[in-house]
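Architecture at a glance
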Amino acid sequence: MDTRFDLETLGKDVVYVKPILVTELPEDMRAKVGDLQELFAVHNAEGEQLAVVADRKLAFHLARENNMHPVTVH
């Protein structure tokens, strides 16, 4: 098999979803969260935080709506 594959694009459409504690957020964000103790952050392959949402299901939905492939990070 002689198939060319651009390795630089490998993983570009993968995002990582991880739980974060509200206490780890900046104070201005904590004030907007309400009673939640945990949120979910969505990060790209370079580690850049793309979004913070209220629950895991929403994080996965957001990723898929943007043509990304979400995976969970523990």
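Values in this document were obtained by computation on a predicted structure and should not be read as measured data.

1. Describing the environment of Val-73
By the secondary structure assignment, Val-73 is in the segment after strand 4 (69–72). Along the backbone, Val-73 and Val-15 are 58 residues apart, and their C-alpha atoms lie at a distance of 9.7 Å. Excluding residues that lie within four positions of it along the chain, Val-73 makes contacts with Tyr-16, Val-17, Lys-18 and Pro-19.

2. Looking at a nonpolar patch on the surface
Together, Tyr-16, Val-71 and Val-73 make up an exposed nonpolar region whose accessible area comes to about 190 Å². The class of Val-73 is partly exposed, set by a relative accessible area of 30%.

3. With respect to the sheet that holds strand 4
Taken in spatial order, the four strands line up as 3-2-1-4 in an open sheet, and their pairing is mixed. Both edges of this open sheet fall to strand 3 (49–53) and strand 4, since each of them pairs with a single strand only. Averaged over all pairs of adjacent strands, the angle between their axes in this sheet comes to 30°, without regard to strand direction. Sheet topology places strand 2 (residues 38–43) next to strand 3; four bridges connect them, and they run antiparallel. Its bridge partner lying in strand 3, His-43 is registered against Gln-49. Where helix 2 (residues 56–65) meets the sheet, it contacts strand 1 (14–21), strand 2, strand 3 and strand 4, and its direction lies at approximately 150° from that of strand 4.

4. Let's talk about the packing of aromatic side chains
On inspection of all chains with the given rule, the structure shows zero aromatic pairs. Against the face of Phe-60 rests Arg-56, its NZ or CZ located 4.3 Å from the ring centre.

5. Here we look at the environment of Pro-70
With respect to the helices, strands and loops of the structure, Pro-70 is situated in strand 4. With a relative accessible area of 13%, Pro-70 lands in the buried category. With 55 residues separating them in the primary sequence, Pro-70 and Val-15 have C-alpha atoms 4.8 Å apart. Excluding residues that lie within four positions of it along the chain, Pro-70 makes contacts with Val-15, Val-17, Phe-60, Ala-63 and Arg-64.

What counts and what doesn't
Residues numbered from 1 in each chain as written. Predicted model: local features only at pLDDT ≥ 70, side-chain atom pairs only at ≥ 80, totals over all residues. Heavy atoms only, no water. Helix = DSSP H or I, 4+ residues; strand = E, 2+ residues; numbered from the N terminus. Contact = heavy atoms within 4.5 Å. Patch = residues over 30% accessible without salt bridge, like charges linked within 9 Å, V, L, I, M, F, W, Y side chains within 5 Å. Areas by Shrake-Rupley, 256 points an atom, 1.4 Å probe, with all protein chains shown as cover. Salt bridge = Lys/Arg side-chain N within 4 Å of Asp/Glu carboxyl O. Buried < 20%, exposed > 50% of the residue type's maximum accessible area, 1.4 Å probe, protein only. Pairing = 2+ DSSP bridges. Axes fitted to C-alpha atoms, helices over the stretch in contact; angles between N-to-C directions. Phe/Tyr/Trp six-rings, centres within 6.5 Å; stacked < 30°, edge-to-face > 60°. Lys NZ or Arg CZ within 6 Å of the ring centre and 35° of its normal.

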